Amino acid sequence: IGLNEIECHDREYIEIVSAEDADFDLSAWFVTDDPSDPTSFYRLPAGTTLAAGGRLTIYAQTRREDGFTFGISCGNDAVYLFQPDGTLLDDVLVGDYAAATTWGRLPDGLDGLFAANAPTPDAENTPPVLAGGDLYDPFRLPVIDLTVNQAGMDSWVNVDPRASVPGQFQMTVDGVPGDVLQVGVHLKGRIGSLRLPPAKSAFKVDLNFVVPGQRLFGLKELTLNNMVQDSSMLHEFTAYSIFRAAGLAAPRVGYAWVRLNGADYGLYAQMETYDDVFLDAHFPTTQHLFEGAYGQDLTAAQLAGLDIDEGDAQSRADLATIVAALDAVPIDRGYAATQDLIDWYQVLGVMAAEIYIGHWDGYAPTRNNWFMHTNELGRLSLMPWGTDQTFSRVMPLHDGQGRLLRTCMASAECRLAYDQRVQDIVTVIDGLDLPTQIRALATALQPAVAADPKRTYTPATVAAQVQATIDFLARRRAEVGTQLACLLGPNADPDGDGFRCDGDCAPNDPNVHPGAPEVCGDGIDQDCTGRADDAFECPDCVERFHGTHRYLICPTPRNWEQASTHCAESGSGPLHVDSGDENAWLWGQARALAAQNWWLGLTDLAQEGRFVWADGVAPTFTAWSGGEPNNAGNNEDCGHFWSDRAQWNDIPCTQTMGVLCEDACAPGEDRDGDGALRCGNDCNDDDPNVKPGLPEICGDRIDQNCDGTADEGAGCDCVEINNAGRRYTFCDRARNFADSRAECQRQGLDLVVINDGTENQWVFDTAMSRNHRAAWLGLSDTAVEGQFVWVNAAPLNFTRWSGGQPDNGGNVEDCASFFADRAGVWNDLDCAATATTICEQR
């Protein structure tokens, strides 16, 4: 006879189990949480019998029922079972388990060990079962039918897309239709992912919106993500698999085919929702669940603006206490001062995983897409969200904007703990065999991807990004493994320059480290900024002409005020964009020089909300991103180009980024009289046959339509594109290697030679934008098998072979190409095969 199951969350109970062959009299036996306090004893009434091989459950006392009067504190109390004479028969220290579970022996009975258990009073103990069950099996594809009347659809468009409206829901699993449920439906998503019907909208389904208490497989809400920002369709599944395997609370991910009002909307990621059902399954207690928007963080000024998704909506005292503790000490003491208020082990795990997987839009890097949970004691945990844009950007391990990350990085003790958590994440990923999982799931989803009528990516792009995700994981493992070997090894500063190897771009050169004096003109990045010769005193501006109008592109990062001064000192002025053609051309020129953000000469410093150019003129053209300008944090007063798109955003003027300048321009000047102005959109104001909108003439190397690209008109085979001062052409027609080289030489060029990763990525991205698949490189081993050389005999200092390549398949593969659709990696092919052509100026 012994203890078998303990409940310490809701109505507390103690279950006793018998392994006896006969009934057993338990009269006057007693249970307690404190053997030294007789007032806490609960004696079983006379005549209490425990059946042979059976079980007996004792409940806490209520107004209507007798029971024990002592409370059972999860994680702090023990429960004891005594015979009437005071002989201790059994005892157990109660674990601190999730609210939706109990503490019970597994397997059931006296031989089992205590662990989290599904609540089973008077029944056999079983492991916990999470709500949703097979719903989150990614290899099943249920069909979800949503029905919303016209009034509800109009409400989304005209009132609030995030407001729930009444609708009907039906799920068909394995061909068997479920019940039609009355539910609430609303759209979800923010900048970039929010879509209004009939576009591919994302949805949330509130199962108890119409019928209180209604559940589906134990769930009260479903989240259906449209994956419009995930061209692999697998990033969320992969990311959250890593978080969960690391023991961090994160959603399960399945998939579904969704129809709205009978129309197919296609393939969706079916996400587990952060609500009280989820929290009870992962945390012993919950005081609050806070949700942060872009730019929000743990600051006193922003507390009132945080959404409260669970808990008392009128109180933020728990978070206020944490903020006050962080504010009360210097940043390097914040980690030590908040040990009781922040579950740092858990928080560091989430931040380490975010940065490892390139979750640039998460809490640690950007202060976006985050949830924070506090338990009944006010102790904080971090929860990840919004992982669709992951596994592409390589992020420094120790850089980010999140206050908790910055607090940790200021403490040597916390940095070490963080590095150890990064190692934990690496170890977890090593044990998951993610490439096999990813490939299997991609294969299973491929028919749905191909059939999706509202897909935003072609099946070929999806397949390429699946492979790119696998490649990212391999590269990230190699580079982070090298860093950790140094950081967690016996000497994290091998060159003795005072900078650990994680922050030192040349760990074995004491003259190269952050803050080292930059020597202009030597091509060495002494100060570890990622750019050589970028000291303020070094010349950095490159001239670009749009027709006869001069622009300066200056990549050394400066704040907005410094940027304005730099333009003036260079004999120019802040950028003034007047048309979409000028906007697209200039962003392309800047992007070709460096993939970073760039200042516009645009500000609302004089009057909040009224953006004007630096000369005070109001814009006649704008290219703001969706939802911008939004003045996030109440201090975003200067405009800039995004690094990855020709759209604008507002940001604090104190941030630093590249500088774009433009010479002063006479208003309305149109020398050739073609209606296109010299400053703004005419790339040749001396030729009326060149202006935006004109048809492109193939093969003349003239950019008739002023879009920055020559010879790209309908029917043109080869198009000229300039990058970083060099001329390239991309020929779309497939040729064998010899014919491709002959075509390049006919143009006075030769096949492309790749010198570094930046050029490799640009060339590949440009080829993909023209729908190239395999494309020839100027690289072969036709002279000596296995010794690949460039066509210009340049040394092979950079390679990006795909895994297992080159393999000389069939003993005939002697010429190199980009691997079809695979994120810029290379393959060897038979030189007689056909591929597209990329030529480069010698």
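Everything below is about the structure shown above.
Figured I'd write up the structure that's included with this text. Predicted model only: the values in this text are computed from it and were never measured.

## Some thoughts on unusual backbone geometry
Consideration 1: Of the consecutive residues P197 and P198, the connecting peptide bond is found in the cis state with omega at 10 degrees.
Consideration 2: Residue placement: P198 occurs in the loop between β15 (181-188) and β16 (202-206).
Consideration 3: For the peptide bond that leads from E628 to P629, omega is -5 degrees, which places it in the cis range.
Consideration 4: In this fold, P629 is placed in the loop between β28 (612-613) and β29 (638-641).
Consideration 5: A positive phi is found at F217, a non-glycine position, where the angle reads about 50 degrees.
Consideration 6: Note that F217 resides in the loop between β16 and β17 (221-225).
Consideration 7: Exposure remark for F217: the relative accessible area of 47% places this residue in the partly exposed category.

## Here's the deal with the state of the cysteines
Consideration 1: Under the definition given, this model contains 11 disulfides.
Consideration 2: One disulfide bridge connects C718 with C731, the sulfur atoms lying 1.9 Å from each other. An S-S torsion of about 110 degrees defines the bridge between C718 and C731 as right-handed. With C718 in strand β32 (residues 718-723) and C731 in strand β33 (residues 726-735), the pair connects residues that are 13 residues apart, well separated along the chain.

## Comments concerning the pairing of strand β24 (residues 542-546)
Consideration 1: Sheet topology places β24 next to strand β25 (residues 549-558); 5 bridges connect them, and they run antiparallel. Its bridge partner being in β25, F545 is matched across the sheet by R550.

## Examining the sheet that holds strand β20 (residues 288-292)
Consideration 1: Pairing is antiparallel in the open sheet, where 4 strands are placed in the order β21-β20-β22-β23. Edge positions in the sheet fall to β21 (307-311) and β23 (380-384), since each has one partner strand and no second. On average, each strand axis in the sheet is tilted by 25 degrees relative to the strand beside it, whichever way the strands run.
Consideration 2: In this sheet, β21 lies alongside β20 in antiparallel orientation, the contact comprising 4 bridges. Counted as the bridge partner of E291 is D307 from β21.

## Considering the pairing of strand β22 (residues 370-374)
Consideration 1: Along β22, 5 of the 5 residues are buried, which leaves the element largely enclosed by surrounding structure.
Consideration 2: Side-chain alternation along β22 places W370, M372 and T374 on one buried face and F371 and H373 on a second face that is also buried.
Consideration 3: Summarising the sheet, β20 and β22 pair through 5 bridges and their orientation is antiparallel. Its bridge partner lying in β22, F290 is registered against M372.
Consideration 4: The pairing of β22 with β23 spans 5 bridges and is antiparallel. When the sheet's bridge partners are listed, T374 is paired in β23 with L380.

## Comments concerning the packing of helix α2 (residues 235-245) against helix α10 (residues 434-451)
Consideration 1: Packing of α2 against α10 brings their axes to within 11 Å, and their N-to-C directions diverge by 145 degrees. Like other packed secondary-structure pairs, α2 and α10 cross with a definite hand, here right-handed. Contact with α2, carried on its side by F237, T238 and I242, involves L434, Q437, I438 and L441 of α10 and no other residues of that element.
Consideration 2: Taken together, the residues that form the contact of α2 with α10 break down as 5 nonpolar, 2 polar and no charged.

## Looking at the nonpolar core
Consideration 1: Counting residues in hydrophobic clusters, the biggest one holds 83 residues, and the most contacted among them are Y255, W344, M351, L380, L404 and Y418.
Consideration 2: With near-sequence residues (within four places) excluded, L404 lies in contact with L298, L326, I342, W344, V347, M351, Y363, M372 and L380.
Consideration 3: In terms of nonpolar packing, the next biggest core, distinct from the first, is built from 26 residues, L146, L224, L260 and Y265 among them.

## Focus: the sheet that holds strand β7 (residues 55-59)
Consideration 1: Taking strand neighbours across the sheet as the criterion, the 5 strands line up as β7-β2-β1-β10-β11 in an open arrangement whose pairing is antiparallel. This sheet does not close on itself; its edge strands, each paired only once, are β7 and β11 (113-117). For this sheet, the mean angle separating the axes of adjacent strands, direction not counted, is 30 degrees.
Consideration 2: Note that strand β1 (residues 2-7) and strand β10 (residues 102-106) share 2 bridges and pair antiparallel. Paired with E5 across the strands is G104, a residue of β10.

## Observations regarding the pattern of salt bridges
Consideration 1: Applying the stated rule across the entire model yields 26 salt bridges.
Consideration 2: In this structure, R252 and E272 form a salt bridge, with 2.8 Å as the shortest nitrogen-oxygen distance. In this pair, R252 sits in the loop between α2 and β18 (253-260) while E272 sits in the loop between β19 (263-271) and α3 (276-282), placing the two residues 20 residues apart along the sequence.
Consideration 3: With relative accessibility at 13%, the residue R252 sits in the buried group.
Consideration 4: Measuring nitrogen to oxygen at the nearest pair gives 2.7 Å for the salt bridge that ties E743 to R746. With a gap of 3 residues between them, E743 and R746 both fall in helix α14 (residues 737-746), about one helical turn apart.
Consideration 5: Judged by relative accessible area, E743 falls into the buried class, the value being 11%.
Consideration 6: The exposure class assigned to R746 is exposed, which follows from its relative accessible area of 62%.
Consideration 7: Where salt bridges share partners, they join D717, R735, E743 and R746 into one cluster.

Rules and cut-offs
Residues numbered from 1 in each chain as written. Predicted model: local features only at pLDDT ≥ 70, side-chain atom pairs only at ≥ 80, totals over all residues. Heavy atoms only, no water. Helix = DSSP H or I, 4+ residues; strand = E, 2+ residues; numbered from the N terminus. Buried < 20%, exposed > 50% of the residue type's maximum accessible area, 1.4 Å probe, protein only. Disulfide = S-S within 2.5 Å. Pairing = 2+ DSSP bridges. Axes fitted to C-alpha atoms, helices over the stretch in contact; angles between N-to-C directions. Left-handed = near helix turned anticlockwise from the far one by under 90°. Contact = heavy atoms within 4.5 Å. Nonpolar A, V, L, I, M, F, W, Y, C, P; charged D, E, K, R; others polar. Core = buried A, V, L, I, M, F, W, Y, C linked by side-chain atoms within 4.5 Å. Salt bridge = Lys/Arg side-chain N within 4 Å of Asp/Glu carboxyl O.

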